Amino acid sequence: MQLTVARIGRAHGLRGEVALDLRTDTPEDRFGDGAVLATEPAARGPLTVVSTRVQQGRWYVTFAQITDRTTAEAMRGTELVVDEDASDEDDAWYPHELAGLRAEHVDGRVLGEIIGLEHLPAHDMLVLREPDGARTLVPFVRAIVPVVDVPGGRVVLDPPGGLLASDAANLVVSEETVMPRDAGGD
């Protein structure tokens, strides 16, 4: 199974260096000098790492095949992929491991099926298909997803009121997030 470990972001400088949007917890292992990475689309690779650097928490890579800004800009959005079967970390899962898992509420009710995983800037989101077909994004954080049981074929969710489409009537609104009626700029 090919798994995305990064996506090429914007060009940086004139000599082909690119920023990476990481999808791995071990970039130092994946992007060592000389590492060869397959790409999606496949016609854009493989790419060989010449050098890496980290600046303000952001990874920048120079590939042997990308030598100027024009080529770097054309590579934006290319996924860097590796062949992996399963994650060897206790609390990390690949998208293919999560897809198809039954989603259950902490009280045992079936909430639907996990159909994917989306990588958003703040954190990953599970994509839940509810029984009525509604597609709901669920923050993949321990407070809301306390149990991931891949061998058992399920995830357990503890969603706050209103997070799921089927529970919209029970939306919980904090007083801290509601603007008082007289606070307007009138």
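As shown above, the structure is provided for reference.
Read on for a plain summary of the structure.

What counts and how
Residues numbered from 1 in each chain as written. Predicted model: local features only at pLDDT ≥ 70, side-chain atom pairs only at ≥ 80, totals over all residues. Heavy atoms only, no water. Pairing = 2+ DSSP bridges. Helix = DSSP H or I, 4+ residues; strand = E, 2+ residues; numbered from the N terminus. Axes fitted to C-alpha atoms, helices over the stretch in contact; angles between N-to-C directions. Phe/Tyr/Trp six-rings, centres within 6.5 Å; stacked < 30°, edge-to-face > 60°. Buried < 20%, exposed > 50% of the residue type's maximum accessible area, 1.4 Å probe, protein only. Salt bridge = Lys/Arg side-chain N within 4 Å of Asp/Glu carboxyl O.

**Details of the sheet that holds strand E9 (residues 124–129)**
Two orientations exist for strands paired in a sheet by backbone hydrogen bonds: parallel and antiparallel.
Then step 1. With mixed pairing, the six strands of this open sheet are ordered in space as E10-E9-E8-E7-E12-E11. Every other strand in the sheet has two partners, leaving strand E10 (135–139) and strand E11 (147–149) as the edge strands with one partner each. When the angles between neighbouring strand axes are averaged without regard to direction, this sheet yields 35 degrees.
Then step 2. Sheet analysis places E9 next to E10, joined by five bridges and oriented antiparallel. In the sheet register, Leu126 faces E10, and the bridge partner there is Val138.

**Section: the packing of aromatic side chains**
Then step 1. Taken as a whole and judged by the stated rule, the model has one aromatic pair.
Then step 2. Arranged with centres 6.5 Å apart and planes meeting at 50 degrees, the rings of Phe31 and Trp59 form a pair that is tilted. You can see Phe31 sitting in the loop between helix H1 (27–30) and strand E3 (36–40) and its partner Trp59 sitting in strand E5 (residues 58–63), a full 28 residues away along the chain. Residue Phe31 shares its accessibility class with Trp59, and that shared class is buried.

**Comments concerning the pattern of salt bridges**
Then step 1. All told, the structure shown has 10 salt bridges when counted by the stated rule.
Then step 2. Residue Glu104 pairs with Arg154 through a salt bridge whose shortest N-O separation is 3.0 Å. With a gap of 50 residues between them, Glu104 in strand E7 (residues 102–105) and Arg154 in strand E12 (residues 154–157) connect regions that are remote in the sequence.
Then step 3. Among the salt bridges present, the one from Glu113 reaches Arg129, with a minimum N-O distance of 3.0 Å. Separated by 16 residues along the polypeptide, Glu113 in strand E8 (residues 110–119) and Arg129 in strand E9 bring together distant segments of the chain.
Then step 4. Judged by its relative accessible area of 30%, Glu113 falls in the partly exposed class.
Then step 5. Within the structure, one salt-bridge network assembled from shared partners comprises Arg102, Glu104, Asp149 and Arg154.

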